[in-house]
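Chains, contacts and geometry: an overview
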Amino acid sequence: MGRVEGKVAFVTGAARGQGRSHALRLAQEGADIIAIDLTGQIDSVPYAMSQPSDLEETVRQIEALDRRIVATKADVRDFDQVKAAVDDGVAQLGRLDIVSANAGIFSFGSLADLEEQVFRDMIDVNLTGVWHAAKAAIPHIRAGGRGGSIVLTSSTAGLEGMENIGHYVAAKHGVVGLMRTLAIELAPDMIRVNSVHPTSVNTDMIQNSATYALFAPDLPEAERTKETLGARFGALNKLPIPWVEPVDISNAVLWLASDEARYVTGVTLPVDAGEQL
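From a predicted model like this one, the values you see are computed outputs, not experimental measurements.

1. Comments concerning the overall build of the protein
On a plain count of helices and strands, the protein comes out with eight helices and seven strands. Relative to a compact globule of 277 residues, whose C-alpha radius of gyration would be 19 Å, the protein shows 18 Å and is just as compact. Considered along the principal axes of its C-alpha atoms, the protein spans approximately 55 × 35 × 35 Å. In the protein, buried positions account for 55% of the 277 residues. Counted over contacts in the protein with a minimum sequence separation of 6, partners at least 24 positions apart contribute 73%. By element, 53% of the accessible surface of the protein is carried by carbon and sulfur atoms, the whole surface being about 11,800 Å². Of the charged side chains in the protein, 24 are positive and 36 negative; the average position of the first set lies 6 Å away from that of the second.

2. Examining the side chain of Ser258
Here Ser258 is to be found in the loop between helix H8 (246-257) and strand S7 (268-271). When its relative accessible area of 0% is taken as the criterion, Ser258 is described as buried. Not counting chain neighbours up to four residues away, the residues in contact with Ser258 comprise Arg3, Val4 and Arg192.

3. Section: the packing of aromatic side chains
The tally for this structure, following the rule as stated, stands at four aromatic pairs. On the numbers, 5.5 Å between centres and 70 degrees between planes, the contact of Phe106 with Phe108 is edge-to-face. Given a relative accessible area of 8%, Phe106 falls into the buried group. Residue class for Phe108 comes out partly exposed when judged on its relative accessible area of 22%. Aromatic pair Phe106 and Tyr168: ring centres 5.0 Å apart, planes at 80 degrees, arrangement edge-to-face. Taken together, the residues span a long stretch of sequence, with Phe106 in the loop between strand S4 (98-101) and helix H4 (116-144) and Tyr168 in helix H5 (residues 166-186) at a distance of 62 residues. The structure contains a cluster of three or more aromatic residues connected by ring pairs, namely Phe106, Phe108 and Tyr168. When the ring centre of Phe79 is taken as reference, the NZ or CZ atom of Lys135 above it lies at 4.5 Å.

4. Here we look at the pairing of S4
Looking along a regular strand, one sees side chains alternate from face to face of the sheet. Alternating positions in S4 separate into two faces, Ile98 and Ser100 on one and Val99 and Ala101 on the other, with burial throughout. Of the pairings in the sheet, the one linking strand S1 (residues 8-12) to S4 comprises three bridges and is parallel in character. Its bridge partner being in S4, Phe10 is matched across the sheet by Val99. Assessed by its sense of winding, the connection that carries the chain from S4 through H4 to strand S5 (residues 148-153) is right-handed.

5. What about the pattern of salt bridges?
When the charged atoms of two side chains lie near each other, side chains of opposite charge can form a pair. Here the structure, examined in full by the defined rule, presents 14 salt bridges. In this structure, Lys7 engages Asp259 in a salt bridge whose closest nitrogen and oxygen atoms are separated by 3.4 Å. Separated by 252 residues along the polypeptide, Lys7 in the segment before S1 and Asp259 in the loop between H8 and S7 bring together distant segments of the chain. Linking Lys83 and Asp87 is a salt bridge whose minimum nitrogen-to-oxygen distance equals 2.7 Å. Here Asp87 and Lys83 lie together in helix H3 (residues 79-93), a separation of four residues that amounts to about one turn.

Parameters at a glance
Residues numbered from 1 in each chain as written. Predicted model: local features only at pLDDT ≥ 70, side-chain atom pairs only at ≥ 80, totals over all residues. Heavy atoms only, no water. Helix = DSSP H or I, 4+ residues; strand = E, 2+ residues; numbered from the N terminus. Rg over C-alpha atoms; globule rule 2.2 N^0.38 Å. Buried < 20%, exposed > 50% of the residue type's maximum accessible area, 1.4 Å probe, protein only. Contact = heavy atoms within 4.5 Å. Areas by Shrake-Rupley, 256 points an atom, 1.4 Å probe, with all protein chains shown as cover. Lys, Arg positive; Asp, Glu negative; His and termini not counted. Charge placed at Lys NZ, Arg CZ, Asp CG, Glu CD. Phe/Tyr/Trp six-rings, centres within 6.5 Å; stacked < 30°, edge-to-face > 60°. Lys NZ or Arg CZ within 6 Å of the ring centre and 35° of its normal. Pairing = 2+ DSSP bridges. Right-handed = clockwise from strand over helix to strand, strands pointing away. Salt bridge = Lys/Arg side-chain N within 4 Å of Asp/Glu carboxyl O.

Following this line, the structure appears as C-alpha cells:
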C-alpha cells in the first residue's frame, strides 16, 4: 500500500515546478489528484509563467502512474474559480483528504519603491490564494469525517526578513499566520495544518534571467548563467549545495500528508539546507 493510498489530494500551481512534483509524489504513493493552475501570465511577474501545455503534461504524467486526475485552469486569486474546481474534482473523485496550497509567484523591489500593483499581486496570489485553497477544501474534508492534512507552502522568507523581496516576505509570513490559526480551528475535526519552508528550489521561479540579475547585478548579462550563479545561491545555505530539488519539498509534503505525521500539526517545517542555522 502507498503512504496515501485511496486518498484524494488537491494541489494548486500544479502545472510545473514544485506543484507538479507534489502532485506526482502524492500520486506515486496512491493518491488521486485535483489540480489547478493559472496557466497564464501575471504582468508583474518578471519571468514566463506556466502555459496550458504544462498542465497537460502534469495530467499525462499522473495518468501514466495509473492514477486519476481532474485538472482545471483556475486562478487562486478568484475564490469562485477555486471552489468550482474543487467541487467538481470531489464530485468526480468522491472525496478530499489532502491539500497542497502551493501556487505562488516571485518578484522583487525595495519596499520604499515598489509599485502598488506588484505588492497587490504578490499578496493576492501568495497569501489570499493560499487562504482560498484552504477555504474551498475545508468543507469537503470535514464532510468526509476522516480528518485530513493541509500543507501550506511558505518559504524561508516566511521565517526571516530579506531585502529586495519585502512583499514576498510579508506574504510568506502571512502564510504562517494562516497555518497556525487554521491548525487551531480545524483540530477538533482531526484536520492537521502545517507549512513547509523551502530555501531556493531548482525551478523556473529562480532559473530565469530576472532572478539571475537580482543575484548578480555586477555581472554582464551574458555571464549570468545557471552554472555561474550556483555559488551565489549556495551562499544562502549551510549545506554545500546551490538549491534543493522540487522532490525534496515534495517528500516533506508527502510526509505531512501521510499517517506517519498523524499527530503533527501547527509546525513550520524548513527544507532549507541549513539556511536558517
